[in-house]
Amino acid sequence: MVSPARKVNIVKKRTKPFIRVQSDRFKRVPTSWRRPRGIDSRTRRRFKGTRPQPKIGFGSNKNTRFLLPNGFRKFTVHNLAELESLVMLNRTYAAEIAHNIGAKKRIELVKRASELNVNVINADARVRAVEN
């Protein structure tokens, strides 16, 4: 199994989700973040004691952005040609087989990836240990 070129410690500035204004008061208001736009909104005006809003300062480090916990970046693969483009980058990118690829083609891709020494994230998906 190939290992990442360099294992970097991933630091997230914030892991808690930002919660929508008044989602705790009304069931009809879901918790998924929406920017407050009211002219008198205390949250939009950033009064003391209101909930935090997303801003550019919460962004991830450029070196660790999009890194998976195993140290690789994800690259979605649909066919063998795309898989073979990862040969020189096999210590930076890990292949992820696309969701709409069937079992027969998946087995081919996983087999070829092991020959090329490319890490496949979802190698076990839709592949039975014993065929019926």
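Before any of the text, the structure's been laid out above.
In this report, we go over the structure that sits alongside the text. All values reported here derive from a predicted model rather than from experimental measurement.

The rules behind the values
Residues numbered from 1 in each chain as written. Predicted model: local features only at pLDDT ≥ 70, side-chain atom pairs only at ≥ 80, totals over all residues. Heavy atoms only, no water. Salt bridge = Lys/Arg side-chain N within 4 Å of Asp/Glu carboxyl O. Helix = DSSP H or I, 4+ residues; strand = E, 2+ residues; numbered from the N terminus. Buried < 20%, exposed > 50% of the residue type's maximum accessible area, 1.4 Å probe, protein only. Contact = heavy atoms within 4.5 Å. Core = buried A, V, L, I, M, F, W, Y, C linked by side-chain atoms within 4.5 Å. Phe/Tyr/Trp six-rings, centres within 6.5 Å; stacked < 30°, edge-to-face > 60°.

**Here we look at the pattern of salt bridges**
Thought 1: Across all of its chains, the model carries four salt bridges by this definition.
Thought 2: The salt bridge partner of glutamate 96 is lysine 74, with a shortest N-O separation of 3.9 Å. With glutamate 96 in strand 2 (residues 93-97) and lysine 74 in strand 1 (residues 73-77), this residue pair connects regions lying 22 residues apart in the sequence.
Thought 3: Glutamate 96 sits in the partly exposed class, given a relative accessible area of 23%.
Thought 4: With its nearest N and O atoms 3.0 Å apart, the salt bridge here joins glutamate 84 to arginine 112. Here the residue glutamate 84 occupies a position in helix 1 (residues 80-84), and arginine 112 occupies one in helix 2 (residues 103-116), the gap between them amounting to 28 residues.
Thought 5: When its relative accessible area of 36% is taken as the criterion, glutamate 84 is described as partly exposed.

**Digging into the side chain of threonine 43**
Thought 1: The topology assignment puts threonine 43 in the segment before strand 1.
Thought 2: With relative accessibility at 8%, the residue threonine 43 sits in the buried group.
Thought 3: Discounting residues that sit within four places of it in the chain, threonine 43 has contacts with Val21, Pro36, Thr50, Arg51 and Gln53.

**Topic: the nonpolar core**
Thought 1: Among the nonpolar cores identified, the biggest contains 12 residues, and these are Val77, Leu83, Leu86, Ala95, Ile97, Ala98, Ile101, Leu109, Ala113, Leu116, Val118 and Val120.
Thought 2: When residues of this core are traced back to their parent elements, those giving at least two are strand 2 and helix 2.
Thought 3: Ranked by the residues each element gives to this core, the list is headed by helix 2, at three residues.
Thought 4: Setting aside residues no more than four positions away along its own chain, alanine 113 makes contact with Leu83, Val118 and Val120.

**Concerning the packing of aromatic side chains**
Thought 1: This model, assessed by the stated rule, comprises three aromatic pairs.
Thought 2: Their ring planes at 65 degrees and their centres at 5.1 Å tell us that phenylalanine 18 and phenylalanine 58 sit as a pair that is edge-to-face. With a gap of 40 residues between them, phenylalanine 18 in the segment before strand 1 and phenylalanine 58 in the segment before strand 1 connect regions that are remote in the sequence.
Thought 3: Among the residues examined, phenylalanine 18 registers a relative accessible area of 18% and is labelled buried.

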